[in-house]
Amino acid sequence: MDNTIKASSKLTPALLRIANTILCNYSMVGSNNLVNGKMGVCLFLYEYARLTGIKEYEDIADDMVDPLLKTLHDGKNEENISCLSGIGIGVIYLITHQFLEDTDEHDSLEAVDKLLLKTIEEANTASEMLIPPVLYLIYRHEHYRDGLDLRYSHKLVRHIIDLFRCEKDEKGEPIILSSFILQHAAYLLAAYQGNEEILNNLRPLSLEILQEKSEGQVVAKDLWYNFLFSWNVSQKTISDELIYSVCQYCFYDAERAIGVLCSLGLGLMNNMKCIKLRKDKYDMNEMCEAFQ
């Protein structure tokens, strides 16, 4: 009990409110995805357990993540592409933050690669549906390249640039995140080519947190993208009123609200310097040798 009290003293009122709401409502989450499902809850609970020192939170996360990993290991990819992309990103996060052993999950990521990278290769036009696997590929490169076919993914990066360069879909509508994707793809291409000059002058775009939409809604996807992909995590203040309103929203739509709260909670812990987002420098020799 003393350890719990001592650990809890680290928590801000906002983070404590978020955590309590998630812990009271996580059982209502039925989907497996990252943005508003079980994988997102797992990431929050693992980090919260590490922050507070309360192992019971880690045990809950272990129970939730095991079925997700089993699905990947068994090769049962009945999850839709967007959901599978989020699960793959979540697995990479858990490996690189030492919550999972990379030796155990290496094969499961290769299975995800096979399906998602094929989806990118077969795409003829840019579309919103293509964004999740593209973001998975970007996240895979930036954080965990073990087991990734670099020659094949190099080809895909060029394909991504060709697809998103026009920034329009087949209906002539702008593609959300096109600039962000193109900038990151260009950075990866410079890394592949060993072009130090371009690499030093080109920094991938950071995403801004989009806190409020129409009717005061907050969008979990925007918050998650900011947390996972920004090179400099936003320090924008999340108001107590905003957090309170999202907590109250659990009564109406638990999955959507918990998706927002998990991303907000992870952002707050990161701003407290409790989470060290891993940003590996590209090993230029490794990249160049892969294409010789």
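Residues numbered from 1 in each chain as written. Predicted model: local features only at pLDDT ≥ 70, side-chain atom pairs only at ≥ 80, totals over all residues. Heavy atoms only, no water.

### Some thoughts on helix α12 (residues 240–249)
Heads up, the rule is: Summary of the burial criterion: residues with accessible area below 20% of their type's maximum are buried, those above 50% are exposed, and those between are partly exposed, where the area comes from a 1.4 Å probe applied to protein chains only. A run of H or I in DSSP counts as a helix once it spans at least four residues, and a run of E counts as a strand once it spans at least two, with each numbered from the N terminus. By definition, the arc is the one covered by directions from the helix axis to the C-beta atoms.
Of the positions making up α12, those classed as buried are Leu242, Ile243, Val246 and Cys247. The buried residues of α12 occupy one face: seen down the axis, they fall within an arc of 135°. Away from its buried face by more than 90 degrees, α12 exposes Asp240 and Glu241.

### Comments concerning the pattern of salt bridges
The line we're drawing: Think of a salt bridge as a Lys or Arg side-chain nitrogen and an Asp or Glu carboxyl oxygen that are within 4 Å of each other.
Per the stated rule, a full pass over the model turns up six salt bridges. Across the salt bridge formed by aspartate 59 and lysine 55, the nearest N and O atoms sit 2.7 Å from each other. One end of the pair, aspartate 59, and the other, lysine 55, are both in helix α4 (residues 55–73), four residues apart, so they sit about a helical turn from each other. In this structure aspartate 59 comes out as partly exposed when scored by relative accessible area, which is 29%. Between aspartate 113 and arginine 140 there is a salt bridge, with the nearest N and O atoms lying 2.7 Å from each other. One end of the pair, aspartate 113, is in helix α6 (residues 102–122); the other, arginine 140, is in helix α7 (residues 131–143), with 27 residues separating them in the sequence.

### Some thoughts on the confidence of the model for the protein chain
In low-pLDDT regions, the fine details of the predicted coordinates are not to be read closely. To keep it simple, the criterion reads: Per-residue confidence from the prediction method is given by pLDDT, with values spanning 0 to 100. Note on contacts: a residue pair qualifies if any of its non-hydrogen atoms lie within 4.5 Å across the two residues.
Model confidence for the protein chain is summarised by a mean pLDDT of 77, while 71% of its residues fall at 70 or above. Segment residues 1–7 is flagged for pLDDT under 50; beyond a separation of four residues in sequence, or across chains, it makes four contacts in the model. Contacts for the low-pLDDT stretch residues 231–235, under 50 throughout, to residues beyond four places or in other chains number 17 contacts.

### What about unusual backbone geometry?
Of note, the phi angle at glutamine 98 is positive, near 60°, even though the residue is not glycine. Looking at where glutamine 98 falls in the secondary structure, it is placed in the loop between α5 (81–96) and α6. What makes glutamine 98 exposed here is its relative accessible area of 57%.

### What to know about the packing of α12 against helix α13 (residues 254–271)
Stated formally: The angle between two axes is taken between their N-to-C directions and runs from 0 to 180 degrees, where each axis is a line fitted to C-alpha atoms and a helix contributes only its stretch in contact. Crossing handedness follows the turn of the near helix against the far one: under a right angle anticlockwise gives a left-handed crossing, and clockwise gives a right-handed one. Lys, Arg, Asp and Glu make up the charged group, whereas Ala, Val, Leu, Ile, Met, Phe, Trp, Tyr, Cys and Pro make up the nonpolar group; the residues left over, Gly among them, are polar.
Close contact between α12 and α13 brings their axes to 8 Å; oriented N to C, the two are set at 145°. By crossing handedness, the relation of α12 to α13 is classed as left-handed. Packed against α12, whose contacting residues are Ile243, Val246, Cys247 and Tyr249, the element α13 presents Arg256, Ala257, Val260, Leu261, Leu264 and Leu268 at the interface. Within the contact of α12 with α13, the residues separate by chemical class into nine nonpolar, no polar and one charged.

### Thoughts on the packing of aromatic side chains
Stated formally: Stacked, edge-to-face and tilted are the three classes for Phe, Tyr and Trp ring pairs, Trp counted by its six-membered ring, which pair at centre distances within 6.5 Å; planes under 30 degrees apart are stacked, over 60 edge-to-face, the rest tilted.
Enumeration over the complete set of coordinates arrives at four aromatic pairs. For the pair phenylalanine 44 and tyrosine 48, a centre-to-centre distance of 5.4 Å together with 15° between the ring planes defines the contact as stacked. Of this pair, phenylalanine 44 and tyrosine 48 both sit in helix α3 (residues 38–52), four residues apart, roughly one helical turn. One aromatic cluster is present, built from ring pairs that chain together Phe44, Tyr48 and Tyr57.

### What about the packing of helix α2 (residues 13–25) against α12?
How we decide: Roughly parallel means an angle under 35 degrees; roughly antiparallel, over 145; roughly perpendicular, 65 to 115; everything else is oblique.
Their axes nearest at 10 Å, the elements α2 and α12 cross at an angle of 10°. With respect to each other, α2 and α12 are oriented roughly parallel. Here Ala14, Arg17, Ile18 and Thr21 of α2 come into contact with α12, specifically with Asp240, Ile243, Tyr244 and Cys247.

### A few points about the side chain of glutamate 47
Basically, it comes down to this: His is not counted, nor are the chain ends; Lys and Arg add positive charge and Asp and Glu add negative charge.
Locating glutamate 47 in the fold gives a position in helix α3. The charged side chain of glutamate 47 is buried without a salt bridge, its nearest counter-charge being arginine 50 at 4.5 Å. Leaving out residues up to four positions away in the same chain, glutamate 47 has contacts with Tyr93, His97, Phe99, Leu266, Met269 and Ile275.

### Description of helix α8 (residues 150–164)
The criterion, for reference: Take the number of residues in a helix, subtract one, and multiply by 1.5 Å to get its expected span. Under this definition, polar contacts are N or O atom pairs within 3.5 Å; protein pairs additionally need one hydrogen-donor-capable and one acceptor-capable atom, and for neighbouring residues in sequence, both atoms have to be side-chain atoms.
Over its 15 residues, α8 runs 21 Å from end to end, which matches the ideal 21 Å to within 8%, given 1.5 Å per residue. Turning to α8, its buried residues number three or more, namely Leu150, Ser153, His154, Leu156, Val157, Ile160, Ile161, Leu163 and Phe164. Between the side-chain oxygen at the start of α8 and the backbone nitrogen of arginine 151 there is a gap of 3.2 Å, and the oxygen is on aspartate 149.

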